[in-house]
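Architecture at a glance
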Amino acid sequence: MINKRFEEYRLIKGLKVKELADIIGISQGSLSDIKNEKTDPKAETIEKFALNTDVNPIWLLTGKGPMTI
């Protein structure tokens, strides 16, 4: 699931939840809810993630290919 990939990226990059939330431009609470599978990320959040990090959008959406570009 995409929620797991958000968390996997964060852990591999060694980021705290707040740090990744700040990079993406969402609240720490929103990212925690995504991480804990309380909510799925909105399309806007996925777009911010892809635009503001080195994550591979294909990997983020499907889990296929390399994690980063």
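These remarks concern the structure in this document. Source: prediction; values computed, not measured.

1. Quick word on the overall build of the protein
Along its length, the protein carries five helices and zero strands. Secondary structure elements in the protein, listed N-terminal to C-terminal, are α-α-α-α-α. Against the compact-globule benchmark of 11 Å for 69 residues, the protein has a radius of gyration of 11 Å, which places it among compact chains. In terms of overall dimensions, the protein has C-alpha extents of about 30 × 20 × 20 Å along its principal axes. Going through the 69 residues of the protein one by one, you find that 36% of them count as buried. In the protein, once contacts between residues fewer than 6 apart in sequence are set aside, the share between residues at least 24 apart is 51%.

2. As for the pattern of salt bridges
Within the structure shown, the criterion is met by five salt bridges. When the shortest N-O distance is used, the salt bridge between Arg-10 and Glu-7 registers 2.7 Å. A residue pair is termed a helical-turn pair when its members lie 3 or 4 positions apart in one helix, as Arg-10 and Glu-7 do in helix α1 (residues 2-13) at three residues. A residue is classified by how much of its surface remains accessible, and Arg-10, at 11% relative accessible area, is buried. Where Glu-44 meets Lys-48, a salt bridge forms, and the shortest distance between an N and an O atom there is 3.3 Å. With Glu-44 and Lys-48 both in helix α4 (residues 43-52), this residue pair falls four residues apart, about one helical turn.

3. What about the side chain of Thr-53?
Mapped onto the secondary structure, Thr-53 falls in the loop between α4 and α5 (57-62). Residue Thr-53 is classed as buried on the basis of its relative accessible area of 15%. For Thr-53, the side chain forms a polar contact with the main-chain oxygen of Phe-49, separated by 2.6 Å. Separated by 3.2 Å, the side chain of Thr-53 and the backbone nitrogen of Val-55 make a polar contact. Contact partners of Thr-53, with chain neighbours within four places excluded, come to Tyr-9, Leu-20 and Ile-23.

So, how was this worked out
- Residues take numbers from 1 onward in each chain, read along the sequence in its written order.
- Thresholds applied to this predicted model are a pLDDT of at least 70 for local features of residues and 80 or more for the giving and counting of side-chain atom pairs; totals over whole chains, interfaces and linings are not thresholded and use all residues.
- As a convention, hydrogens and water are excluded, and side-chain values are obtained from all of the structure's heavy atoms.
- In this description a helix means any DSSP run of H or I spanning at least four residues, a strand means any run of E spanning at least two, and both kinds are numbered starting from the N terminus.
- The quantity called the radius of gyration is restricted to C-alpha atoms. Its globule counterpart is 2.2 Å times the number of residues to the power 0.38.
- Burial classification: accessible surface area is computed with a 1.4 Å probe over protein chains only, and a residue below 20% of its type maximum counts as buried, one above 50% as exposed, and the rest as partly exposed.
- The criterion used for residue contact is that any of the two residues' heavy atoms lie within 4.5 Å.
- One side-chain nitrogen of Lys or Arg within 4 Å of one carboxyl oxygen of Asp or Glu is enough to make a salt bridge.
- Polar contacts, as used here, are pairs of N or O atoms within 3.5 Å; protein pairs need one atom able to donate a hydrogen and one able to accept it. Residues neighboring in sequence count only if both atoms are side-chain atoms.

Distances and angles like these do not, on their own, reveal function.
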